[in-house]
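Observations on chain architecture
Below, each chain spelled out in residue letters.
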Amino acid sequence: MKTLRQAKVGDTVKVVKLHGEGAVKRRIMDMGLTKGVDVHIRKVAPLGDPVEVTVRGYELSLRKADAEMIEVE
């Protein structure tokens, strides 16, 4: 299993599954990160938090903990 957190800068990956419960999972889905969507990794901060991605045509910053919940291929 590979998570969004493990993807390298410049990679474009596809969301396979969202892990997590309740409100946290809902918030991730509300940001546009749903099953089957392509995500491009733009930047990762020096300490790994946050991760900046492009999804559905807009830029989004994710916390490391949230990126760990997103399974990609």
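Anything mentioned here points back to the structure above.
Below, the structure is looked at part by part. (Residues numbered from 1 in each chain as written. Predicted model: local features only at pLDDT ≥ 70, side-chain atom pairs only at ≥ 80, totals over all residues. Heavy atoms only, no water.)

Moving on to the pattern of salt bridges. Under the defined criterion, the tally for this structure stands at six salt bridges. With its nearest N and O atoms 4.0 Å apart, the salt bridge here joins K14 to D38. A residue pair is termed long-range when its members are at least 10 positions apart, and K14 in strand β2 (residues 12-18) and D38 in strand β3 (residues 38-44) qualify at 24 residues. Owing to a relative accessible area of 34%, K14 belongs among the partly exposed residues under this scheme. Across the salt bridge formed by R63 and D66, the nearest N and O atoms sit 3.5 Å from each other. Look at D66 and you get buried, because its relative accessible area is 4%. In this structure, a network of salt bridges that share partners links the residues R27, R63 and D66. (Salt bridge = Lys/Arg side-chain N within 4 Å of Asp/Glu carboxyl O. Helix = DSSP H or I, 4+ residues; strand = E, 2+ residues; numbered from the N terminus. Buried < 20%, exposed > 50% of the residue type's maximum accessible area, 1.4 Å probe, protein only.)

Quick look at the pairing of strand β5 (residues 58-62) now. Across five bridges, the pairing between strand β4 (residues 51-55) and β5 is antiparallel. Counterpart to V51 in the pairing with β5 is L62. Connecting β4 to the antiparallel partner β5 that follows it, the hairpin turn spans two residues, and R56 within it adopts a positive phi of roughly 55°. (Pairing = 2+ DSSP bridges.)

As a further point, take the sheet that holds β2. Read from one edge of the open sheet, six strands run β1-β6-β2-β3-β4-β5, paired in antiparallel fashion. Each edge of the open sheet is held by one strand with a lone partner, namely β1 (2-3) and β5. By the bridge criterion, two bridges tie β1 to strand β6 (residues 70-72) in an arrangement that is antiparallel. For K2, the partnering residue across the bridge sits in β6 and is V72.

Nothing here speaks to function; it is all geometry.
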